[in-house]
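Letter by letter, the chains look like this.
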Amino acid sequence: MKSIKTIIFLLVLSLGQLSAFGQAEIFGRYKVACFLERNQNGSLAICSICPTKLDNNQLKISDFELEINNQFVKITIDGKSTNVTYTWNSKIDAITFEFEKSKYTFKVLKGSDSSQIMLKESNCDGMLMLNKI
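Described in the following lines is the structure provided in the data block. If you're wondering where the values come from, they're calculated on a predicted model, not measured in any experiment. (Residues numbered from 1 in each chain as written. Predicted model: local features only at pLDDT ≥ 70, side-chain atom pairs only at ≥ 80, totals over all residues. Heavy atoms only, no water.)

Moving on, we come to the nonpolar core. Counting 27 residues, the largest nonpolar core has Ile49, Val73, Ile75, Ile95, Phe97, Phe106 and Leu128 as the members making the most contacts within it. Mapped onto this core, the elements with two or more residues apiece are strand E1 (28-35), strand E6 (64-68), strand E7 (72-77), strand E8 (80-89), strand E9 (94-99), strand E10 (102-110), strand E11 (116-121) and strand E12 (127-132). For Ile75, the contacting residues outside a window of four places in its chain are Ile49, Phe64, Glu65, Leu66, Lys80, Ser81, Thr82, Val84, Phe97 and Phe99. (Core = buried A, V, L, I, M, F, W, Y, C linked by side-chain atoms within 4.5 Å. Buried < 20%, exposed > 50% of the residue type's maximum accessible area, 1.4 Å probe, protein only. Helix = DSSP H or I, 4+ residues; strand = E, 2+ residues; numbered from the N terminus. Contact = heavy atoms within 4.5 Å.)

In structure tokens, the structure reads:
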């Protein structure tokens, strides 16, 4: 009977750890890779925050840097940095900010590797993979 209570206690404790994700867990500097996503019509699309360039009829998608702290998001693309304020939605673990006249709300997806975070934006196609620097 005592071992069953111990097992239940450990199970409840571990379930609490799985749901304990917060804003501070995304603080840090990241190298961001952009992923293409196939639309419903079959074409490929990428989130508009991603730096792209057409070179010799080939689409080049560049990585960029992102830094998140308790006050702002710093976006660095091709050596040019921009600080933008953000809001955090703790109900759905999402970060919202405006960059280059576009508003983004990224849902934060986190796995077992704490150095990697996926961001999924509901209003743009593609995902962002953040790797801690």
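Between side chains of opposite charge, a pair can form when the charged atoms approach closely. On inspection of all chains with the given rule, the structure shows four salt bridges. Among the ionic pairs, Lys31 bridges to Asp63, the shortest N-O distance being 3.9 Å. One end of the pair, Lys31, is in strand E1; the other, Asp63, is in the loop between strand E5 (58-61) and E6, with 32 residues separating them in the sequence. Lys120 serves as the salt-bridge partner of Glu37, at 2.9 Å between the closest nitrogen and oxygen. (Salt bridge = Lys/Arg side-chain N within 4 Å of Asp/Glu carboxyl O.)

Pairing is antiparallel around the closed barrel formed by eight strands, whose spatial order is E1-E6-E7-E8-E9-E10-E11-E12. On average, adjacent strands in this sheet sit at an angle of 30° to one another, irrespective of strand direction. In the sheet, E7 pairs with E8 via six bridges, with the strands oriented antiparallel. Bridging across to E8, Thr76 finds its partner in Ser81. (Pairing = 2+ DSSP bridges. Axes fitted to C-alpha atoms, helices over the stretch in contact; angles between N-to-C directions.)

With that settled, consider the environment of Ala24. Looking at where Ala24 falls in the secondary structure, it is placed in the loop between helix H1 (2-19) and E1. Using a relative accessible area of 54% as the deciding quantity, one classes Ala24 as exposed. In the structure, Ala24 is positioned 44 residues away from Ile68 in sequence and 9.1 Å away in space, judged by C-alpha atoms.

With a phi angle near 60°, Asn57 is a residue other than glycine that sits in the positive phi range. Mapped onto the secondary structure, Asn57 falls in the loop between strand E4 (52-55) and E5. Unusually for a residue other than glycine, Asp93 sits at a positive phi of about 50°.

On to the state of the cysteines. By the definition in use, this model includes one disulfide. One disulfide bridge connects Cys34 with Cys50, the sulfur atoms lying 2.1 Å from each other. In this structure the cystine formed by Cys34 and Cys50 twists about its S-S bond by roughly -105°; its chirality is therefore left-handed. Remark: Cys50 occurs in the loop between strand E3 (44-45) and E4 and Cys34 occurs in strand E1; sequence separation between them is 16 residues. The exposure classification of Cys34 matches that of Cys50, with both residues buried. (Disulfide = S-S within 2.5 Å.)

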